[in-house]
Amino acid sequence: MKKLMRFGVSMEKDLLQRFDKWIAEHAWANRSEAIRDLVRQRLVEKEWQDGKKQVCATLTFVYDHHIPQLQEKLTHLQHDFAGVVVGAMHVHLDHHNCLEVLVMKGTAAKISQIADRILGSRGVKHGKLVGSLPAGGI
Ligand code: NI
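Chemist: Which parts of the structure should I look at to understand the coordination of the nickel ion?
Modeler: Under ideal tetrahedral coordination, the four donors around a metal are separated by 109.5 degrees; under ideal octahedral coordination, the six donors are separated by 90 or 180 degrees. Only His90 (NE2), His92 (ND1) and Cys98 (SG) from the protein coordinate the nickel ion, and they sit 2.0 to 2.3 Å from it. For histidine 92, a relative accessible area of 63% corresponds to the exposed category.

Chemist: It is not clear to me how the side chain of aspartate 64 should be interpreted in this structure. Could you clarify?
Modeler: By the secondary structure assignment, aspartate 64 is in strand β1 (residues 54–64). The charged side chain of aspartate 64 is buried without a salt bridge, its nearest counter-charge being lysine 125 at 4.5 Å. Apart from the residues lying within four places of it in its own chain, the contact partners of aspartate 64 are Leu70, His96, Asn97, Gly123 and Lys125.

Chemist: I tried to follow the pattern of salt bridges on my own but got confused; where do I start?
Modeler: Between side chains of opposite charge, pairing is possible as soon as their charged atoms come close. Applying the stated criterion across every chain, the model contains six salt bridges. In this structure, arginine 31 and aspartate 20 form a salt bridge, with 2.7 Å as the shortest nitrogen-oxygen distance. Separated by 11 residues along the polypeptide, arginine 31 in helix α2 (residues 31–50) and aspartate 20 in helix α1 (residues 13–25) bring together distant segments of the chain.

Chemist: Please clarify how the domain arrangement of the protein should be interpreted in this entry.
Modeler: Quite often, the size of an interface is put as the accessible area lost when its parts meet. In terms of domain boundaries, the protein breaks down into domain 1 (13–49) and domain 2 (54–132). Here the C-alpha centroids of domain 1 and domain 2 sit 30 Å apart.

Chemist: Even after reading the chapter, I still don't get the pairing of β1, so can you show me in this structure?
Modeler: Taken residue by residue, a regular strand's side chains alternate between the two faces of the sheet. Two strands pair when backbone bridges link them, and β1 and strand β3 (residues 97–107) are joined in this way by 11 bridges, in the antiparallel orientation. What sits directly across from alanine 57, in β3, is methionine 104. Sheet topology note: the β1/strand β4 (residues 124–132) ladder contains eight bridges and is antiparallel. Among the inter-strand pairings, cysteine 56 is bridged to a residue of β4, identified as serine 132.

Chemist: Whenever I open this one, unusual backbone geometry confuses me. Can you help?
Modeler: When glycine is set aside, most residues are seen to have a negative phi, and most peptide bonds are trans. Positive phi outside glycine occurs at alanine 27, with the angle close to 60 degrees. Mapping alanine 27 onto the fold places it in the loop between α1 and α2. At glutamine 69, a residue that is not glycine, the phi angle is positive and equals roughly 65 degrees. Considering the arrangement of structural elements, one finds glutamine 69 in the loop between β1 and α3 (70–80). Accessibility expressed as a relative area gives 59% for glutamine 69, which makes it exposed.

Chemist: Hey, could you run me through α3 in this one?
Modeler: For an α-helix the count is 3.6 residues per turn, leaving residues at separations of three or four pointing the same way. Every buried residue of α3 is listed here: Leu70, Leu74, Leu77 and Gln78. Looking straight down α3, one finds that the buried residues subtend no more than 95 degrees of arc, so they occupy a single side. When the buried face of α3 is taken as reference, the exposed residues oriented beyond 90 degrees from it are His76, His79 and Asp80. At its buried positions, α3 is contacted by β1, β2 (85–92), β3, α4 (108–119) and β4.

Analysis parameters
- Residues numbered from 1 in each chain as written.
- Predicted model: local features only at pLDDT ≥ 70, side-chain atom pairs only at ≥ 80, totals over all residues.
- Heavy atoms only, no water.
- Donors = N, O, S within 2.8 Å, 3.2 Å for Na, K, Ca; no water.
- Buried < 20%, exposed > 50% of the residue type's maximum accessible area, 1.4 Å probe, protein only.
- Helix = DSSP H or I, 4+ residues; strand = E, 2+ residues; numbered from the N terminus.
- Lys, Arg positive; Asp, Glu negative; His and termini not counted.
- Salt bridge = Lys/Arg side-chain N within 4 Å of Asp/Glu carboxyl O.
- Contact = heavy atoms within 4.5 Å.
- Domains from an automatic or database assignment.
- Pairing = 2+ DSSP bridges.
- Arc of directions from axis to C-beta.

As structure tokens, then:
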């Protein structure tokens, strides 16, 4: 574990009360853990905005596999970006719907491009890209 440094934070009383309420609602262990997570979140967002750094992400999406050519299109897309899409899980949810989770590693710009093409495909009903940094990034 990395060495921890202490620092003081001043904040308005009502803001601190709202922060504590938010910490309790989200089950964070304590204020320090909450502040660390918020800082990491902002830094990850910055890396994504830069677009050039290596990041990792999961893309979760649901689609109707009865839509003509959709499954083939999604598979072709994943093969076209085989160096970025490093893992995939497919779940047959019901008679119509499939859920896929892709694990990706690459530049934020490239990952966003793949996510946009998949989520923008006709028949993809819902999806969400969740970005992170590779282990040790922060
Ligand atoms: Ni399926």
